[in-house]
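The chain contents come next:
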Amino acid sequence: MTGWTGGQRSVGDIAPALAHYTDQVLFDEVWERTELAKRDRSLVTVAALVTLGNLDQLEFHLRFARDNGVTEEELVEAITHLAFYTGWPRAMAAVGVARAAFAPSSDAD
């Protein structure tokens with residue numbers, strides 16, 4: 001799978017059109033818009049995923065947020081802040097995902 005895009009790796013075998021939209025529209029167009037910095041887009045995305053309880057994509061986006069300049073401390077603080085708005089169980093679940101995302105061995109994946 002060397003040279004494959006993220007969308008192709010994650011869903012390309014079963015949903016090639018979704019992989020295309022993920023790669024070409026979401027990450028190549030939306031994430032590249034200059035009206036928000038990638039750092040800000042990452043914070044918004046993490047907040048949305050935590051709020052909605054969508055943990056499947058959260059680990060990727062926590063790592064992506066780090067790559068976009070958001071610190072682990074800022075991400076955990078955002079999750080803590082969201083606990084009061086989205087509910088304690090969602091924040092607690094998100095912290096579990098953050099623990100996995102920030103584990104030293106997770107960078108080797």
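Rules of the game
Residues numbered from 1 in each chain as written. Predicted model: local features only at pLDDT ≥ 70, side-chain atom pairs only at ≥ 80, totals over all residues. Heavy atoms only, no water. Axes fitted to C-alpha atoms, helices over the stretch in contact; angles between N-to-C directions. Helix = DSSP H or I, 4+ residues; strand = E, 2+ residues; numbered from the N terminus. Parallel < 35°, antiparallel > 145°, perpendicular 65-115°, else oblique. Left-handed = near helix turned anticlockwise from the far one by under 90°. Contact = heavy atoms within 4.5 Å. Nonpolar A, V, L, I, M, F, W, Y, C, P; charged D, E, K, R; others polar. 1 Å grid on protein atoms, 1.4 Å probe; cavity = no way out; pocket = protein on both sides within 12 Å on 5 of 7 lines; lining within 4 Å. Points joined across faces, edges and corners; volume = space filled by probe spheres on them. Expected span 1.5 Å × (residues − 1). Buried < 20%, exposed > 50% of the residue type's maximum accessible area, 1.4 Å probe, protein only. Arc of directions from axis to C-beta. Salt bridge = Lys/Arg side-chain N within 4 Å of Asp/Glu carboxyl O.

### So, the packing of helix H5 (residues 72–86) against helix H6 (residues 88–102)
Moving on, step 1. For the pair H5 and H6, interaxial distance at closest approach is 7 Å and the crossing angle is 165°. Looking at the two axes, H5 sits roughly antiparallel to H6. Regarding H5 and H6, the two cross each other, and that crossing is right-handed. Residues Glu-72, Leu-75, Val-76, Ile-79, Ala-83, Phe-84 and Thr-86 of H5 touch H6, and the partners they reach there are Trp-88, Arg-90, Ala-91, Ala-94, Val-95, Ala-98 and Phe-102.
Moving on, step 2. When grouped by side-chain class, the residues that make up the contact of H5 with H6 number 11 nonpolar, one polar and two charged.

### Let's talk about the layout of surface pockets
Moving on, step 1. A volume near 660 Å³ is recorded for the largest pocket.
Moving on, step 2. When residues of the lining of the largest pocket are traced back to their parent elements, those giving at least two are helix H1 (6–11), helix H2 (16–30), helix H3 (38–52) and helix H4 (58–67).
Moving on, step 3. The dominant element in the lining of the largest pocket, judged by the number of residues it contributes, is H2, at eight residues.

### A look at H3
Moving on, step 1. Between its first and last C-alpha atoms H3 spans 21 Å; for 15 residues at 1.5 Å apiece the expected length is 21 Å, and the two agree.
Moving on, step 2. Buried residues of H3: Arg-41, Ser-42, Val-46, Leu-49 and Val-50, and no others. Take H3 and look down its axis: the buried residues cluster within an arc of 165°, on one side only. Exposed side chains of H3 directed beyond 90 degrees from the buried face belong to Val-44 and Leu-52.
Moving on, step 3. Against H2, H4, H5 and H6 lie the buried residues of H3.

### What about the pattern of salt bridges?
Moving on, step 1. Enumeration over the complete set of coordinates arrives at five salt bridges.
Moving on, step 2. For the salt bridge of Glu-74 with Arg-39, the shortest nitrogen-to-oxygen distance reads 2.6 Å. In this pair, Glu-74 sits in helix H5 while Arg-39 sits in helix H3, placing the two residues 35 residues apart along the sequence.
Moving on, step 3. Under the relative-accessibility criterion, Glu-74 is labelled partly exposed at 33%.

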